[in-house]
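Okay, here's what each chain looks like letter by letter:
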Amino acid sequence: MIQWYDEVWLTLNEGQGVPSIYNPKSVLVSGIWDHFLIAPYFNNTPYTADQVGSLAMIGLAAGTVPKQYTAVYGPIPIDGAEIDPEIIRVAREYFDMNEPNLNAIAQDGRYFLATSPRKYDVIALDAYRPPYIPFHLTTREFFREAREHLTDNGVVAVNAGRTKTDWSLVEALASTLKSEFPNVYLVDLGDADYELSNVLIVATKQPTSLANLAANTKLMTHPLLKQVAEESLDRATEFSNPSIVFTDDKAPVEQLTHGLILSFMAGN
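Predicted, not measured: the structure shown is a model, and the values here were computed from it. In this numbering scheme, every chain counts its residues from 1 along its sequence in written order. Confidence filtering applies because this is a predicted model: local features only for residues at pLDDT of at least 70, side-chain atom pairs given and counted only at 80 or more, and all residues used for totals across whole chains, interfaces and linings. Side-chain measures were taken over the full set of non-hydrogen atoms in the model, leaving aside hydrogen atoms and water.

A few points about the side chain of threonine 70
We count it as follows: Here a helix means four or more residues in a row that DSSP labels H or I, a strand means two or more in a row labelled E, and each is numbered from the N terminus. Categorising residues by exposure relies on relative accessible area from a 1.4 Å probe, with only protein chains included: less than 20% of the type maximum marks a residue as buried, more than 50% marks it as exposed, and the intermediate range marks it as partly exposed. Nitrogen and oxygen atoms within 3.5 Å of one another constitute a polar contact, given that in protein one can donate a hydrogen and the other can accept it, and given that sequence-neighbouring residues count only through two side-chain atoms. Whether two residues touch is decided by their heavy atoms; if any such pair falls within 4.5 Å, the residues are in contact.
If you trace the backbone, threonine 70 turns up in helix α2 (residues 64-73). Here threonine 70 falls in the buried class, since its relative accessible area comes to 18%. Separated by 2.8 Å, the side chain of threonine 70 and the backbone oxygen of proline 66 make a polar contact. In terms of polar contacts, threonine 70 uses its side chain to reach the side chain of asparagine 101, at 3.0 Å. The contact partners of threonine 70, leaving out residues within four places of it in the chain, are Pro75, Ile78, Glu99 and Asn101.

Digging into the environment of leucine 60
With respect to the helices and strands, leucine 60 occurs in the loop between β4 (55-58) and α2. Considered as a pair, leucine 60 and glutamate 82 are 22 residues apart in the sequence and their alpha carbons are 5.1 Å apart.

Side note on the packing of aromatic side chains
Where we set the bar: Here is the rule: rings of Phe, Tyr and Trp (six-membered ring for Trp) pair when centre to centre is within 6.5 Å. Planes less than 30 degrees apart are stacked, more than 60 are edge-to-face, and the remainder are tilted.
Counting across every chain of the model gives four aromatic pairs. Judged by centre distance (5.0 Å) and plane angle (45°), the ring pair of tyrosine 69 and tyrosine 73 falls under tilted. Residue tyrosine 69 and its partner tyrosine 73 are both found in helix α2; the two are separated by four residues, about one turn of the helix. For tyrosine 69, a relative accessible area of 1% puts it in the buried group. A centroid spacing of 5.4 Å and a plane angle of 55° characterise the contact between phenylalanine 142 and phenylalanine 143, whose relative ring orientation is tilted. Across the pair, exposure class does not vary: phenylalanine 142 and phenylalanine 143 are buried alike.

A few points about helix α5 (residues 140-148)
Our working definition: An arc is given here, and it is the one of the directions from the helix axis to the C-beta atoms.
Of the positions making up α5, those classed as buried are Phe142, Phe143 and Ala146. Across the axial projection of α5, the buried residues extend over an arc of 95°, all falling on one side. Where the residues of α5 are buried, they touch β4, α4 (109-115), β7 (120-125), β8 (150-163) and α6 (168-178).

Quick word on the pattern of salt bridges
In plain terms, the rule: Think of a salt bridge as a Lys or Arg side-chain nitrogen and an Asp or Glu carboxyl oxygen that are within 4 Å of each other.
Under the criterion given, the structure shown has nine salt bridges. Each of Arg140, Arg144, Arg147 and Glu180 takes part in salt bridges that share partners, so that together they form one network.

Now the structure itself:
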């Protein structure tokens, strides 16, 4: 855990991973977490905030995304799966992860989803920390399970990493999602000089179009939501060139993440 000015950072993986940031003075934290807020707005227009009624968070960490969802959408029911109970304890003590609408579950994300009796408007996945990516959360069978736990207009939103030139992990995950969902979108948060960046991958249960994001942004009334959406408009594209598909029988995610790390170290 690191205190950085007003922010508290949760650090994992030898201090290299930052899966959560908490700022008691700000809902937004200027990172990938903010952009999970706009994942549902790739749905067909008109789609408005009152239609977001539930969230499942796989890779809860210290609860950044549930805190933001509660601030923007109100006390909607949120289930959050975090495999390490110690992280949940730390989150409650140091990150104010005490929202009464959040049900924090110390459990493997795939087992949590398979045994959940509920359906969700948004299933958010923030459990990939190269090189520690659990392969069973990357496969076609897992994403099929996720699709079956979505409401009619539900979406899956995934945080994935890339370097300047190596998009292999993003492309594999997007391709795998595309095998189960009609439309998949990428919101690239990096700039040209970023050596390592995040991409939000969004898959919609219904057939949708990229134009929906801009149309739905015009209908937004919450200022923070509108701010994030407007920042995302020029960064959003539709993924339409699938390649490798991960399955439970074959998911070479370690090969991709090792290549990603080498690319990062080489400055590519």
